Amino acid sequence: MGKKVLVIGSGGREHALVWKLAQSPQIEKIYAAPGNPGIAELAQCIDIAVDDIDKLLVFAQGEGIDLTIVGPEAPLMAGIVDRFQETGLKIFGPTAAAARLEGSKVFTKELMKKYGVPTASFDVFQDIDQARSCIRNYTDQGKAVVIKADGLAAGKGVVVAKDAEEAYQALDSIMVQQSLGAAGTRVVIEECLYGEEVSLFVISDGYDFVSLISAQDHKQVFDNDQGPNTGGMGAYVNPPVYTPQLHQKVEESIVRPVLKAMAAEGYPFQGVLYAGLMITAEGPKVLEFNARFGDPETQVVMPMIEGDILPLLEAAVDKDLAGYQVNIVPGTCICVVLASAGYPGNYEKGKLISGLDDLNREAIVFHSGTAKKDGKPVTNGGRVLALTVRGDTMEEAIDKVYREIKKIYFEGMHYRTDIGSKSLRQGV
Ligand code: AMP
Ligand code: GLY
């Protein structure tokens, strides 16, 4: 009999995971909690919130789910993996203790320092006056400075401040106004790194690991990396700045030591280790780790993985990744996020989405924030759709994706027009 899997989450990342899992010949049925209208075309959506661990557990037991895959970070930090494992259910993701690699910047920075993993130099503060004086040390020298709340902050916990005024404002907001609640009790203040960013997903069984294809996100909302940071406005695979030599260096000087350190400290990391890297003039350095797949990177990584992804996820859960090989299909892949007016600030929902039926068959539409109203798709989030296209070359993929986007419309729709262009500037 075929297997049953449950995917937890409701965004474009989870749609991409479900899309890939739906191609597995071993899977009989996919459930998604809570899913979205795009996911509903491939899976049965169950109306359970991602953080309702009790209900998710009861559902997985009752339905005889063979493997649960967790999309977002919140249930991981809340211990969903620990709870499932206690009852003997297989689940792909790190325990709450291991998920601190994403959940606590202080934990992670101190771990990297202890084990010599390259990252921005930093200090940790609980006292605001000491934090201010540290900021002054940077800005008096005309240096930018980065202020990070310790805990999870839904992408709002990091400010890259160009001058003292901006830095003090960020610090006040986090520590005095407590805009992020308990997440801002402690702050990390660190040097600003310069270079291109690269995201690498590594699947780990706690001891052995296998890397997937690298990707580049586009965090700022406007073209040429202008404007505030978002969850990510688009991505493409294999950024040319990330050469095979650099990849080898990243595996040896970052991934392997961090996984070893986690195991040595008593928290072996099982799941996806998402390394957010800055490729600086001095080499690759860690900006952050996440304990989950990235969004929108998953939307370009999944279409590039050859064959069935289920055995890979199962091998990670079964601590059986030694020697596992992941093959990548030829060509490239790009994804452009279509966002609601106002995003990443306030935005309205419920705008009718048109044109989805007119797309070329090559275009893959991943739903990020949509709902159905009277049987028709409407916007239901800041990031609404992630349009993904594969191509033989980057030029071809870029050309195709932007041609397809022109067919889609909703009131206030905006998107970046330069996704992937960094790769062309480097002549690849
Ligand atoms: P994080 O959540 O730590 O990855 O930070 C979110 C984003 O802030 C990163 O993807 C970078 O764009 C930026 N960032 C974080 N740390 C630094 C740093 N030390 N230097 C420059 N940019 C940074
Ligand atoms: N693409 C950024 C993230 O998933 O955190």
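Let me begin by describing the structure that accompanies this report. Everything numeric here is computed off the predicted structure, so don't read it as measured data.

**With respect to the site of ligand 2**
As a structural note, the neighbourhood of ligand 2 is formed by Asp217, Gly231, Tyr274, Asn290, Arg292, Gly294, Asp295, Pro296 and Glu297. Contact between ligand 2 and Arg292: an oxygen atom at 2.9 Å from a side-chain N or O atom of the residue. Summarising the interface, the protein chains cover 88% of the accessible area of ligand 2, which totals 200 Å² for the free molecule. Residues belonging to the shell around ligand 2 are distributed by class as follows: 2 nonpolar, 3 polar and 4 charged.

**A short note on the sheet that holds strand 9 (residues 187–191)**
Either a parallel or an antiparallel arrangement is found when strands of a sheet pair, and the pairing is made through backbone hydrogen bonds. Across the sheet, 4 strands lie side by side as 6-9-7-8; this open sheet has antiparallel pairing. Edge positions in the open sheet fall to strand 6 (122–125) and strand 8 (158–161), since each of these has one partner strand only. Neighbour to neighbour, the strand axes of the sheet diverge by 20° on average, direction disregarded. Here strand 7 (residues 145–149) pairs with strand 8 via 4 bridges, running antiparallel. Its bridge partner lying in strand 8, Val146 is registered against Val160. Here helix 6 (residues 105–115) sits on the sheet and contacts strand 6, strand 7, strand 8 and strand 9; the angle it forms with strand 6, its principal contact strand, is near 140°.

**Details of the site of ligand 1**
Lining the immediate environment of ligand 1, one finds 16 residues, of which Glu190, Leu193, Glu197, Lys219 and Glu288 sit closest. Residue Glu191 places a main-chain N or O atom 3.0 Å away from a nitrogen atom belonging to ligand 1. At 2.9 Å from an oxygen atom of ligand 1 is found a side-chain nitrogen or oxygen belonging to Lys219. Considering ligand 1 on its own, with 470 Å² of exposed area, one finds that the protein chains cover 90% of that surface. Looking at the shell around ligand 1, the elements with two or more residues in it are strand 7, strand 8, strand 9 and strand 17 (283–290). Classifying every residue of the shell around ligand 1 gives 8 nonpolar, 1 polar and 7 charged.

**What about the side chain of Asp295?**
Mapped onto the fold, Asp295 is located in the loop between strand 17 and helix 10 (297–301). We classify Asp295 as buried; its relative accessible area is 13%. A polar side-chain atom of Asp295 sits 3.1 Å from the main-chain amide nitrogen of Arg13. Beyond its immediate sequence surroundings of up to four residues, Asp295 is in contact with Gly11, Gly12, Arg13, Gly231 and Arg383.

**Observations regarding the side chain of Ser24**
Note on placement: Ser24 falls in the loop between helix 1 (12–21) and strand 2 (27–34). What makes Ser24 buried here is its relative accessible area of 4%. Side-chain polar atoms of Ser24 contact the backbone nitrogen of Gln26, separated by 3.1 Å. Residues in contact with Ser24, not counting those within four places in the same chain, are Asp308 and Leu310.

**Observations regarding the packing of helix 7 (residues 128–139) against helix 8 (residues 164–176)**
Geometry of a packed helix pair, given as the angle between the helix axes and the separation of the axes. At a minimum axis distance of 10 Å, the contact between helix 7 and helix 8 shows a crossing angle of 160°. The angle between helix 7 and helix 8 places the two elements in the roughly antiparallel class. Handedness of the helix 7/helix 8 crossing: right-handed. Contact residues: Ile128, Ala131, Arg132, Ile135, Arg136 and Thr139 in helix 7; Ala164, Ala167, Tyr168, Leu171, Asp172, Met175 and Val176 in helix 8. Looking at the contact of helix 7 with helix 8 residue by residue, the classes come out as 9 nonpolar, 1 polar and 3 charged.

Analysis parameters
Residues numbered from 1 in each chain as written. Chains lettered and ligands numbered in written order. Predicted model: local features only at pLDDT ≥ 70, side-chain atom pairs only at ≥ 80, totals over all residues. Heavy atoms only, no water. Near = heavy atom within 4 Å. Polar contact = N/O pair within 3.5 Å; in protein donor to acceptor, adjacent residues only side chain to side chain. Areas by Shrake-Rupley, 256 points an atom, 1.4 Å probe, with all protein chains shown as cover. Nonpolar A, V, L, I, M, F, W, Y, C, P; charged D, E, K, R; others polar. Pairing = 2+ DSSP bridges. Helix = DSSP H or I, 4+ residues; strand = E, 2+ residues; numbered from the N terminus. Axes fitted to C-alpha atoms, helices over the stretch in contact; angles between N-to-C directions. Contact = heavy atoms within 4.5 Å. Buried < 20%, exposed > 50% of the residue type's maximum accessible area, 1.4 Å probe, protein only. Parallel < 35°, antiparallel > 145°, perpendicular 65-115°, else oblique. Left-handed = near helix turned anticlockwise from the far one by under 90°.

Note that every value here comes from positions in space, so none of it alone points to a role or purpose.
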